[in-house]
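# Observations on the three-dimensional arrangement
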Amino acid sequence: MSQELDEQISQLQENTYRWVDLHGLVTCATLHFSNTEFDGPRCVSISFLGEGSYNTVYKLAFSNGTEVAASISCYDEDRFNPDGKRSEISTMSFVRESGLYPDVPVPEVLAFDLTFTNPACAPYVLMEVVPGITVDLEDEESDNADATSKLLARDLILVKALAKLQASLFKPVPFDEIGSLFTVTDGKYVVGPLMKLNQRSLDGPFKSIQDLWRLQLHDAMLFALQEWVNNETDNFPRKAFAQPPCTSQLFAELFQLLSSLIPHFQPPKSCMSLVLYHPDIALRNVLFDESSVSSNNPKITGVIDWGGAQILPVMFTARYPGDLTTELHSPFTRLGNPEESWRTVPCDWTSTGDISKWPQGMRYPPNGVPVPIDFGPQVRGKIRRFYLRAYFSVCYAEQLHALHGIVDLACLTIFKDAPYYLKFHEVIGGGWKTWVEHETWIRETYWRLRMAGHGNKGSEDVVTGPNVYRESVEGPLCDLGISGEYPVPGY
């Protein structure tokens, strides 16, 4: 090992996970090309390539001109789930080999070791280095109208590219179960347990989305039977500051409401085809050919970070790319907005509201002189994303027709119809804490469906509604708990 390579490793080692041995990683990559460290090409350099929430990637260059991307999991031995990484590797191979996704380029996996006993002391995956660059949507504002117009036109081009990519995955898979992909010993692809981005397994596979939801309710009840039978009061023990207050009675009520709602969120048959879902489509995970990125048709050279990929009914894959999402309380909480905050459905910012009622914020630069925060660019950026989402939806529909010949209106407007199905999927799968956080939404949805008579005639009416509920329509009840016997006390 050269002195230069040793110095590079020493510098990188300072910022890597404490259990990772980068010298050992170089040894593992070198052995991939030869039987020993000495009879093949030598590693001549190692550099930082990128980092996400779950992996750090290094680029290793060898004396024969070969380059390898080495991905190291950020999880230590206590948290790492090898099944999550196995599924990610299998999914990448399936996308490359199945022939279903000619417009979705994926790096080739060269080798991997999912143990902590290899020379790198951590699970790693060696992949080909995909040429290309990542780009971002432009939020900077300019006083020059022509410059602003060019930036916005470029954003539209990038959004269209993301829509084509996501539409390319709208292809029925040769499987009949919900779960994640795995490879068995004979190289055959099978659907196994449903894996999440954080490598958590949701069990399975499942024959239907309802089977998944029923299991999640079952697990929540099992947790209650194990954890709360010794509670001295009806109030659940507060184990973290952010934990919402809850009582046994509230838990039982939400459990019943969610169970009763399951049949109402069975998507229409036209939106039940099983497809491959990439849970983190975003510009940071898409590589573009640098020479084409400024053109009207930028070429995608690679799609990365397939961890948590799932086989799902297409209705539950209609999520916007991360670059287009907006949150309810960012950059500030708007007056009059309800407490609804979702991971899967963006909150629509469609106007600035009364600017005079915006909060007054200050930032403190290094010189110590406080400067008022101008929320204007951030708010306008949120509003722009509302329109970019509408553009994405239209481009997605256009690509469904262009790539797959789809003319079914239910499929072409799936982003309009999916939000309530995504919300229900998020709530029921989030566990009891998520139920309590979205108590109002669960109640309102129950009562609105009940008042509308949804499902009474066995219809397949699509469940839609406002972006957020702003008033209650809860039906008339004669609640005899007027003495407040079961309040949810503050903490």
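These lines cover the structure that appears in this document, whether it is placed above or below. Values in this document were obtained by computation on a predicted structure and should not be read as measured data.

## Overview of the overall build of the protein chain
Counting its regular elements, the protein chain contains twelve helices and 13 strands. In terms of overall dimensions, the protein chain is globule-like: its C-alpha atoms have a radius of gyration of 25 Å, near the 23 Å expected for 491 residues. Over its C-alpha atoms, taken along the principal directions, the protein chain stretches across nearly 85 × 60 × 60 Å. For the protein chain, buried positions account for 45% of its 491 residues. Looking at the protein chain alone, contacts between residues at least 24 apart form 66% of all its contacts between residues at least 6 apart. Only carbon and sulfur atoms are counted for the fraction: they give 51% of the accessible area of the protein chain, which is about 25200 Å². Of the charged side chains in the protein chain, 40 are positive and 61 negative, and the gap between their average positions amounts to 5 Å.

## Let's talk about helix H3 (residues 82–97)
Here H3 contains 16 residues, and its C-alpha end-to-end distance of 22 Å stays within 8% of the 22 Å for a straight helix at 1.5 Å per residue. Regarding H3, the residues found buried are Gly84, Lys85, Ser87, Glu88, Ile89, Ser90, Thr91, Met92, Phe94 and Val95. For H3, the secondary structure elements touched by its buried residues are strand E2 (55–62), strand E4 (109–113), strand E5 (124–128), strand E6 (180–183), strand E7 (189–192) and strand E8 (274–277). Following H3 by one or two positions, glycine 99 adopts a phi angle in the positive range, close to 80°.

## Topic: the pattern of salt bridges
On inspection of all chains with the given rule, the structure shows 16 salt bridges. Across the pair lysine 59 and glutamate 67 runs a salt bridge whose closest N-O atoms are separated by 3.9 Å. Looking at lysine 59, the relative accessible area reads 25%, which means it is partly exposed. Taking the relative accessible area as the measure of exposure, glutamate 67 reaches 37% and is therefore partly exposed. Counted as one network, the salt bridges with shared partners bring together Arg96, Glu108 and Glu128.

## A look at the sheet that holds strand E1 (residues 43–51)
Taken together, the five strands give an open sheet; going across it, the order is E1-E2-E3-E5-E4, and neighbouring strands pair in antiparallel fashion. Strands at the two margins of the open sheet, each flanked by one partner only, are E1 and E4. Each strand of the sheet is rotated relative to its neighbour by a mean of 20°, with strand direction disregarded. Summarising the sheet, E4 and E5 pair through four bridges and their orientation is antiparallel. Note that in E5 the partner of phenylalanine 112 across the bridge is valine 125. Sitting on the sheet, helix H2 (residues 22–33) is in contact with E1, E2, strand E3 (67–73), E4 and E5, with an inclination near 55° to E2. Contacting E2, E4 and E5, H3 crosses the sheet at an angle of about 15° to E5.

## Details of the packing of helix H6 (residues 248–261) against helix H12 (residues 439–452)
In contact at an axis separation of 10 Å, H6 and H12 are set at 45° when each is read in the N-to-C sense. In terms of orientation, H6 and H12 fall into the oblique class. For the crossing formed where H6 meets H12, the hand is left-handed. Residues Leu250, Glu253, Leu254, Leu257, Leu258, Ser260 and Leu261 of H6 touch H12, and the partners they reach there are Glu439, Ile442, Arg443, Tyr446 and Leu449. Partitioning the contact of H6 with H12 into residue classes produces eight nonpolar, one polar and three charged.

Conventions used here
- Residues numbered from 1 in each chain as written.
- Predicted model: local features only at pLDDT ≥ 70, side-chain atom pairs only at ≥ 80, totals over all residues.
- Heavy atoms only, no water.
- Helix = DSSP H or I, 4+ residues; strand = E, 2+ residues; numbered from the N terminus.
- Rg over C-alpha atoms; globule rule 2.2 N^0.38 Å.
- Buried < 20%, exposed > 50% of the residue type's maximum accessible area, 1.4 Å probe, protein only.
- Contact = heavy atoms within 4.5 Å.
- Areas by Shrake-Rupley, 256 points an atom, 1.4 Å probe, with all protein chains shown as cover.
- Lys, Arg positive; Asp, Glu negative; His and termini not counted.
- Charge placed at Lys NZ, Arg CZ, Asp CG, Glu CD.
- Expected span 1.5 Å × (residues − 1).
- Salt bridge = Lys/Arg side-chain N within 4 Å of Asp/Glu carboxyl O.
- Pairing = 2+ DSSP bridges.
- Axes fitted to C-alpha atoms, helices over the stretch in contact; angles between N-to-C directions.
- Parallel < 35°, antiparallel > 145°, perpendicular 65-115°, else oblique.
- Left-handed = near helix turned anticlockwise from the far one by under 90°.
- Nonpolar A, V, L, I, M, F, W, Y, C, P; charged D, E, K, R; others polar.

Shape is all these values report; function is a separate question.
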